[in-house]
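Given next are the chains, with one letter for each unit.
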Amino acid sequence: GENVEQHPSTLSVQEGDSAVIKCTYSDSASNYFPWYKQELGKRPQLIIDIRSNVGEKKDQRIAVTLNKTAKHFSLHITETQPEDSAVYFCAASPWPGGKLIFGQGTELSVKP
Amino acid sequence: GAVVSQHPSWVICKSGTSVKIECRSLDFQATTMFWYRQFPKQSLMLMATSNEGSKATYEQGVEKDKFLINHASLTLSTLTVTSAHPEDSSFYICSARSSRGVTDTQYFGPGTRLTVL
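Here the structure is a predicted model, which means the values were calculated and not measured. (Residues numbered from 1 in each chain as written. Chains lettered and ligands numbered in written order. Predicted model: local features only at pLDDT ≥ 70, side-chain atom pairs only at ≥ 80, totals over all residues. Heavy atoms only, no water.)

1. Describing the overall build of chain A
- Check the secondary structure of chain A and you find zero helices and 11 strands.
- Along the chain direction, N to C, the helices and strands of chain A fall in the order β-β-β-β-β-β-β-β-β-β-β.
- Computed over the C-alpha atoms, the radius of gyration of chain A is 13 Å, within 12% of the 13 Å expected from 2.2 N^0.38 for a compact globule of 112 residues.
- Viewed in the frame of its principal axes, chain A has a C-alpha envelope of about 40 × 30 × 20 Å.
- Out of the 112 residues in chain A, the part that is buried amounts to 44%.
- Expressed as a percentage of contacts within chain A between residues at least 6 apart in sequence, the contacts between residues at least 24 apart total 54%.
- When the accessible surface of chain A is totalled, it reaches about 5,500 Å², and 49% of it is carbon and sulfur.
- Averaging the positions of the 12 positive and the 13 negative side-chain charges in chain A gives two centres separated by 5 Å. (Helix = DSSP H or I, 4+ residues; strand = E, 2+ residues; numbered from the N terminus. Rg over C-alpha atoms; globule rule 2.2 N^0.38 Å. Buried < 20%, exposed > 50% of the residue type's maximum accessible area, 1.4 Å probe, protein only. Contact = heavy atoms within 4.5 Å. Areas by Shrake-Rupley, 256 points an atom, 1.4 Å probe, with all protein chains shown as cover. Lys, Arg positive; Asp, Glu negative; His and termini not counted. Charge placed at Lys NZ, Arg CZ, Asp CG, Glu CD.)

Laid out in structure tokens, this is it:
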């Protein structure tokens with residue numbers, strides 16, 4: 001069935017360093033790959049997304065890359081700040097309005 | 001921007017009782033809403049897809065007789081947890097699909113924390 005694997009489960013970096021989170025998906029029909037940031041007890045917030053016809057997308061300190069052949073995509077955060085500390089989830093869906101299959105989540109801790 | 005609300009934000013109930021959670025799209029019409037469940041320190045798991053005016057589509061392993069979903073209008077979907085038990089305690093989050101703009105977008109509600117005693 002549909003599955004999204006996410007690694008690592010926890011990630012600790014020093015402020016200013018880069019953080020990379022990787023995901024692999026199984027469903028070939030997936031064409032939309034969003035990334036969410038979730039703070040404790042809050043709703044997931046979309047931080048960036050990418051579609052299957054694009055290999056890379058960047059928004060300020062955040063970038064996402066997609067390798068559709070290998071079925072994996074990654075989130076890159078540069079110049080990390082303490083306020084980046086949260087749980088990050090990747091997800092996959094056939095299209096932006098379709099059901100989302102989430103990865104297991106990565107707890108990112110940015111130490112000042 | 002598109003806003004999705006949930007009510008209540010938290011609820012505590014006794015084992016065996018039923019609890020209804022509402023998900024509303026406040027400034028757009030949502031023909032489709034999704035219900036997710038999130039246990040502590042775990043990911044969001046899709047429970048079901050709710051389509052206005054039709055029966056919900058449940059994911060494998062989700063008991064449709066236990067988690068009743070009703071999507072009677074374009075702005076409201078409800079999830080009723082029937083005969084709740086402590087193992088149903090979780091964070092329930094809905095999302096609503098908006099078809100405004102160039103492409104579809106999903107917006108998440110703030111979630112409902114359910115605790116079953």
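2. Structural notes on the side chain of Q38 of chain A
- Its location among the elements puts Q38 of chain A in strand β4 (residues 32-38).
- Among the polar contacts made by the side chain of Q38 of chain A, one reaches the side chain of Q38 of chain B at a distance of 2.8 Å. (Polar contact = N/O pair within 3.5 Å; in protein donor to acceptor, adjacent residues only side chain to side chain.)

3. Section: the interface of chain B and chain A
- Between chain B and chain A, the contact holds 21 residues from the first and 18 residues from the second.
- For the pairing of chain B and chain A, the buried interface totals around 1,500 Å² over both sides, and the portion due to carbon and sulfur atoms is 53%.
- If you look at where chain B meets chain A, you find one salt bridge.
- For the salt bridge of K99 of chain A with E59 of chain B, the shortest nitrogen-to-oxygen distance reads 3.2 Å.
- Across the contact surface, chain B and chain A share eight residue pairs in polar contact (both at pLDDT 80 or more).
- Secondary-structure elements contributing two or more residues to the side of chain B that touches chain A are β4 (32-38), β5 (44-51), β9 (90-98) and β10 (105-108) of chain B.
- A per-class count over the side of chain B that touches chain A returns nine nonpolar, seven polar and five charged. (Buried area = accessible area lost by both parts, 1.4 Å probe. Salt bridge = Lys/Arg side-chain N within 4 Å of Asp/Glu carboxyl O. Nonpolar A, V, L, I, M, F, W, Y, C, P; charged D, E, K, R; others polar.)

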